[in-house]
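# Per-entry structural report
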Amino acid sequence: MVLDADLDRRPAPAFAHASEAELARILDFYAVAWEYEPHTFPILFDRSGAVLESFSPDFYLPELDVYLELTTLKQRLVRKKNRKLRRLRELYPGVTVKLLYSRDFRALLFKYGKLSLAGVLTGADGQTTPPRERSERPPVASAPTRPRPRRSRAEARARAAARLTTAGRPTATGTPDDAEVTA
Amino acid sequence: MTRRPDLTADVSEILLSEEQIQAKVLELGRRISDDYAGRELTLVSVLKGSLPFMADLMRSITIPVQIDLMEVSSYGGAATESSGLVRILKDLSSSIDGRHVLIVEDIIDTGLTLNYLVRYLRGKNPATLKICTLLDKPARRIVEIAIDYRGFEIPDQFVIGYGLDYGEVYRNLRFVGVLRPEVYLDPD
């Protein structure tokens, strides 16, 4: 039974990490509709109101109105992401974001008998972009942005598979961690 | 060499004793009997882990009930590579059209399978559709689902017994225990 006949026609996002592609496959398997990084939330502003920092959760589940953020970095390295998430929750209390840590993702892999893939799907080994480059995207002025068009799931898989062995993603400009918060 | 499971030594801790489980099952049975009095109730259990809970729960319910069993493929299983979508391996034997349906689960963690089942069963036009689970592990939740009857909320540990398995073993334990990590981290 296919509950969402459009699943096979969905556009393939350019997943930044192999773990995201795997989570997308799990969501597809259970017919949970998802969008990849469809919305960007400004979370840090300067005195003039210009956006200094923003946060784009990895997945949005439109039927459930929930965002998923997946981080497979080691626990001691997720402090910055935790801070961004806390800030997002302060500024957008109506937005639900679930943060899946590395241990949560490993538990998922274990549950589905894929723990042996943890090495290539988590941490630096699964990344196609160095962490600083990916997290420091140029800020946007408004939130949320319009959802990105979808690509086919087969295309998504092919891209994700390719990214397991291919590095390189355009480098974005940075955003300061210690900028003054006025919002 | 494959490690040989040991039903005693592989359990690091008994999380829920047989007595605790049976007391909770009786309590749930009483509540369900009261709530569904005078209505046509069908219990739908999801194989295989729910079997012990289903067997005990149905016998603790004091009103007439019908039972049915379903089985769905799991991500990572043999069906994954062929279709990429969850499959109903065993469908309902009888119609639930117009009946009051209670899904009986052993454990809810991510909520992904249950979310799928709820949507699937809603398509079969039950009068009502509710959820009963013996164990709830909210720390692993990805899809939030309203649980109508909850036995125990448990911590984020790998549990076995009373239907729950690791590698198809340990289901026959009469309690719910925590599996020693060395069993699944270094199985050989």
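To be clear, the structure that these remarks concern was listed above.
Reading guide: rules and limits
- Residues numbered from 1 in each chain as written.
- Chains lettered and ligands numbered in written order.
- Predicted model: local features only at pLDDT ≥ 70, side-chain atom pairs only at ≥ 80, totals over all residues.
- Heavy atoms only, no water.
- Helix = DSSP H or I, 4+ residues; strand = E, 2+ residues; numbered from the N terminus.
- Buried < 20%, exposed > 50% of the residue type's maximum accessible area, 1.4 Å probe, protein only.
- Contact = heavy atoms within 4.5 Å.
- Expected span 1.5 Å × (residues − 1).
- Core = buried A, V, L, I, M, F, W, Y, C linked by side-chain atoms within 4.5 Å.
- Buried area = accessible area lost by both parts, 1.4 Å probe.
- Salt bridge = Lys/Arg side-chain N within 4 Å of Asp/Glu carboxyl O.
- Polar contact = N/O pair within 3.5 Å; in protein donor to acceptor, adjacent residues only side chain to side chain.
- Axes fitted to C-alpha atoms, helices over the stretch in contact; angles between N-to-C directions.
- Parallel < 35°, antiparallel > 145°, perpendicular 65-115°, else oblique.
- Left-handed = near helix turned anticlockwise from the far one by under 90°.
- Pairing = 2+ DSSP bridges.
- 1 Å grid on protein atoms, 1.4 Å probe; cavity = no way out; pocket = protein on both sides within 12 Å on 5 of 7 lines; lining within 4 Å.
- Points joined across faces, edges and corners; volume = space filled by probe spheres on them.
- Phe/Tyr/Trp six-rings, centres within 6.5 Å; stacked < 30°, edge-to-face > 60°.
- Lys, Arg positive; Asp, Glu negative; His and termini not counted.
- Right-handed = clockwise from strand over helix to strand, strands pointing away.

### Observations concerning the overall build of chain B
Across its full length, chain B holds 5 helices and 9 strands. When the elements of chain B are put in sequence order from the N terminus, they spell out β-α-β-α-β-α-β-β-α-β-β-β-β-α. Taking all 188 residues of chain B together, the buried fraction comes to 51%. Contacts in chain B between residues far apart in sequence, at least 24 positions, make up 67% of those at least 6 positions apart.

### Observations concerning helix α2 (residues 79–91) of chain A
In a regular helix each residue adds 1.5 Å, so 13 residues correspond to 18 Å; α2(A) covers 19 Å between its end C-alpha atoms and thus fits that length. Within α2(A) the residues assigned to the buried category are K81(A), N82(A), K84(A), L85(A), R87(A) and L88(A).

### Description of the nonpolar core
Judged by nonpolar contacts, the single largest core of 48 residues is most densely connected at L27(A), Y30(A), F59(A), L112(B) and L121(B). Take this core: its biggest share by element is 7 residues, from helix α4 (residues 112–122) of chain B. By size, the runner-up hydrophobic cluster in this structure holds 28 residues, among which are L28(B), I32(B), L57(B) and L164(B).

### Quick word on the interface of chain A and chain B
In this assembly, 29 residues from chain A lie in contact with 27 residues from chain B. Counting each side, the surface lost to burial between chain A and chain B is near 2,600 Å², with a carbon and sulfur contribution of 64%. Inspection of the chain A/chain B interface yields 4 salt bridges. Measuring nitrogen to oxygen at the nearest pair gives 3.5 Å for the salt bridge that ties R119(B) to E63(A). Inspection of the region where chain A meets chain B yields 9 residue pairs in polar contact (both at pLDDT 80 or more). When residues of the side of chain A that touches chain B are traced back to their parent elements, those giving at least two are α1 (18–29), β6 (97–100), α3 (102–111) and α6 (153–163) of chain A.

### Focus: unusual backbone geometry
Outside of glycine, negative phi angles account for most residues, and trans bonds account for most peptide bonds. Residue and element names in this part refer to chain B. Put simply, L47 and K48 share a cis peptide bond, and its omega is 0°. Within the secondary structure, K48 sits in the loop between β2 (41–46) and α2 (51–60). For Y162, which is not a glycine, the phi torsion comes out positive at approximately 50°. Among the structural elements, Y162 can be located in the loop between β8 (159–160) and β9 (176–179). On the basis of relative accessibility, which here comes to 6%, the residue Y162 falls in the buried class.

### Remarks on the packing of α1(A) against α3(A)
Residues and elements named next belong to chain A. For the pair α1 and α3, interaxial distance at closest approach is 12 Å and the crossing angle is 50°. In terms of orientation, α1 lies oblique with respect to α3. Seen along the crossing, α1 lies across α3 with a hand that is left-handed. When α1 is examined against α3, the residues S19, E22, L23 and I26 are found in contact with a partner set consisting of F105, L108 and L109.

### Details of the sheet that holds β8(B)
Here 3 strands make up an open sheet; going across it, the order is β1-β9-β8 (chain B) and the pairing antiparallel. Looking at strand neighbours, the two that pair on one side only are β1 (11–16) and β8 of chain B, the edges of this open sheet.

### Notes on the layout of surface pockets
The probe, sized like a water molecule, is rolled over the atoms to show the empty space still left. Size it by volume and the largest pocket reaches roughly 1,500 Å³. Around the largest pocket sit 50 residues that line it, and K111(A), S74(B), D109(B), F158(B) and D165(B) are the ones nearest its centre. Only α3 of chain A together with β3 (65–72), α3 (78–83), β5 (100–108), α4 and α5 (181–185) of chain B provide two or more residues apiece to the lining of the largest pocket. Per-element tally for the lining of the largest pocket: the top contributor is α3(A), with 6 residues.

### Things to note about the packing of aromatic side chains
All names here are of chain A. All chains considered together, the criterion is met by 18 aromatic pairs over all chains. For the ring pair F15 and F59, a centre distance of 6.2 Å and an interplane angle of 35° mean the geometry is tilted. Taken together, the residues span a long stretch of sequence, with F15 in the segment before α1 and F59 in strand β4 (residues 59–61) at a distance of 44 residues. Pair check on accessibility: F15 and F59 agree, each one buried.

### As for the side chain of E105(B)
The topology assignment puts E105(B) in strand β5. K111(A) provides the closest opposite charge to the buried, unpaired E105(B), separated from it by 8.6 Å. Sequence-distant contacts of E105(B), defined by excluding residues within four places in its chain, comprise V46(B), S50(B), F53(B), L114(B), C132(B), T133(B) and L134(B).

### Notes on the pairing of β5(B)
Residues and elements named next belong to chain B. Extensive coverage of β5 is indicated by the burial of 9 of its 9 residues. One ladder, built from 5 bridges, connects β2 with β5; its direction is parallel. Its bridge partner lying in β5, L43 is registered against L102. As paired elements, β5 and strand β6 (residues 128–136) share 8 bridges and run parallel to each other. Among the inter-strand pairings, I103 is bridged to a residue of β6, identified as I131. Since β5 and β6 lie parallel, the crossover through α4 that links them has a hand, and here it is right-handed.

### A closer look at the side chain of T40(A)
All names here are of chain A. Secondary-structure assignment places T40 in the loop between β1 (35–36) and β2 (41–45). You can call T40 buried: its relative accessible area is 11%. Here the side chain of T40 touches S56 through a polar contact of 2.7 Å, side chain to side chain.

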